[in-house]
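# Architecture at a glance
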Amino acid sequence: MDKRVLLAGLFHETHTFLDGRTTLDDFQIRHDKELLAAAGDGSPLAGVLESADAYDWALIPTVDYRAVPGPTVDHAVLERFWQDFVAIAEPALARGIDGIYLVLHGGMVTNSCLDVEGDLLARIRGLPGAANVPLCGVVDLHANFTEQMARWSNGLIAYRENPHADARRAAADAAELLNRLMRSGERPATVWEHPPLMWPPTGTSTADNPMSTLEAAARNLEVDEPHFLAVNVFAGFSFADMPDTGVSFTAVTLGDPEEAHTQLRHLSRWAVDHQEQGNRIEAPLAEVLPRLVEHDRGPVLLVEPSDNIGAGAPGDGTAILRALVEHKIGPAAVAVCDPQSVARLASVPIGGRTTLEIGGKGHPLSGPPFTAEVELISRSDGRFRLEDPQSHLASMSGVRFDMGASAVVRRDRVTILLTSHRTPPFDLGQWRSQGVAPETMFVIGVKAAVAHRRAYDPIAVASYLVGTPGPCSSDLRSLPYRHVRRPIFPLD
């Protein structure tokens, strides 16, 4: 073990327009050797651990903080993370290290810091002995990349796919780059371009334009330009209100930075020229419902970006549930995060009936609760193992997820999965673990934008993006931005 590598993780996608705070209690925290338990779980952290073993690194694990997307993070979380990190990092740096590896998201915002990852990188570089140590890592494709992140890093590698089936592989690519830099002594520069452009999550699928063309162009640059060690396309996270929100590009280069800028400007110009392709706005639910008669079988997906749990929404909107019941559509299935309803079912026997006020509690835009008498079908602790170890959910949590205490109820022909923890619908194991076969449904309501597609598209006969009330509307002009640098599309 000839290379000593400091390892840490900080992962949160922050929706700054949501009420409330993401606090320390919302984070899963692992200290020191607890990080090593992620080995084999399909996450980006697992990808680093596997690479470290292959390269015979002597890992020095520090701390890993991660939470499901949600509202602005309490700044005390960042300070606690820093305290935990420094407690191990400073003594390690005093003894001497060869590299630093970070597992980041790139879209975190606290109530006192708009550029958390940039600030973190600057802090690390300020530690004694860290200024010239190669620093690499993996970041989410939806990172709002900043000039500070470029300045203080040597090689941050983004996922190339959305849904994020390649998160673990991207982490391994970043580890390969760090291994090269530690052994060669090379110190590349990171060049950054940020066109005045934002896209909602619905426009960021890498299977579709504009992202598919941009990703292909980036991969070609990596082949055609010998000095480029990596070219990243960042779709950005448009619900995080900070100066550099939006689409950006980076090149990790050993060559002339100005040449890299020239190539990235070509990507920026193409993105601006095709900006409307990424500005996907969903049709109102009332316009989509009549189209269900065009299908004689299912599942047909009603995809609800406005209540996208993977973007931080509460996951308790009731518009689709209400419509399915009122129009007698079924068999259908909808998952709703509602710990209060789960708790009320604790004393109800299986097969028993009770009246619940379902959903409508997490955000003013979620709509009112749906009041209905339901039959209790089952209850569970909500823990399940992902069917797909490369699913988008694995990039966030590994191959296991905890929905909290959960219950399945039925109203007429609609099956409702009630969970206590917000659960992004990125893996069909969520349903099957509760005894529900999703492929037998005619309609499934999905609270997502794009990341569900790897799991649901193989079983679906059709899919519709539907507009409902909620805090993750794809119409970015409806959001009260205060910090984003103007002018920017589609606001201006």
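Here, every reference points to the structure presented above.
Residues numbered from 1 in each chain as written. Predicted model: local features only at pLDDT ≥ 70, side-chain atom pairs only at ≥ 80, totals over all residues. Heavy atoms only, no water.

Turning next to the environment of Leu302. Turning to its location among the elements, Leu302 is positioned in strand β11 (residues 300–303). Leu302 has contacts with Leu285, Val288, Leu289, Leu292, Ile320, Leu324, Val443, Ile444, Gly445, Val446, Tyr464 and Val466, leaving out every residue within four places of it along the chain. (Helix = DSSP H or I, 4+ residues; strand = E, 2+ residues; numbered from the N terminus. Contact = heavy atoms within 4.5 Å.)

To continue, consider the packing of aromatic side chains. One pass over the structure, following the stated rule, counts 9 aromatic pairs. Taken together, a centroid distance of 5.0 Å and an interplanar angle of 85 degrees make the contact between Phe17 and Tyr481 edge-to-face. Highlighted residues: Phe17 in the loop between β1 (3–11) and β2 (28–31) and Tyr481 in the segment after β20 (462–467), separated in sequence by 464 residues. With relative accessibility at 10%, the residue Tyr481 sits in the buried group. Between Phe237 and Phe239, the ring centres sit 5.6 Å apart and the planes meet at 90 degrees, which makes this aromatic pair edge-to-face. Since its relative accessible area comes to 1%, Phe237 is described here as buried. Assessed through its relative accessible area of 1%, Phe239 is described here as buried. These aromatic residues form a ring-pair network of at least three members: Phe27, Tyr65, Phe81, Trp82 and Phe85. (Phe/Tyr/Trp six-rings, centres within 6.5 Å; stacked < 30°, edge-to-face > 60°. Buried < 20%, exposed > 50% of the residue type's maximum accessible area, 1.4 Å probe, protein only.)

Let us look at the sheet that holds β2. Taken in spatial order, the 6 strands line up as β2-β3-β1-β4-β5-β6 in an open sheet, and their pairing is mixed. Whereas interior strands pair on both sides, the edge strands pair on one side only; in this sheet they are β2 and β6 (155–158). Each neighbouring strand pair of the sheet contributes to a mean axis angle of 15 degrees, computed without reference to strand direction. Note that strand β4 (residues 99–104) and strand β5 (residues 135–139) share 4 bridges and pair parallel. Within the sheet, the bridge partner assigned to Tyr101 lies in β5 and is Cys136. Contacting β1, β2, β3 (57–66), β4 and β5, helix α1 (residues 44–55) runs over the sheet at an angle of about 175 degrees to β3. The sheet strands contacting helix α3 (residues 116–126) are β1, β4, β5 and β6, and the helix crosses β4 at an angle near 165 degrees. (Pairing = 2+ DSSP bridges. Axes fitted to C-alpha atoms, helices over the stretch in contact; angles between N-to-C directions.)

Turning our attention to the sheet that holds strand β7 (residues 189–193). As summarised here, the arrangement of the 3 strands in space is β7-β9-β8, forming an open sheet in which the pairing is antiparallel. At either margin of the open sheet sits one strand with a lone partner, and together these are β7 and β8 (228–234). Taken pair by pair, the neighbouring strands of this sheet meet at an average axis angle of 15 degrees, ignoring direction. Where β7 lies against strand β9 (residues 248–253), 5 bridges are found, and the strand directions are antiparallel.

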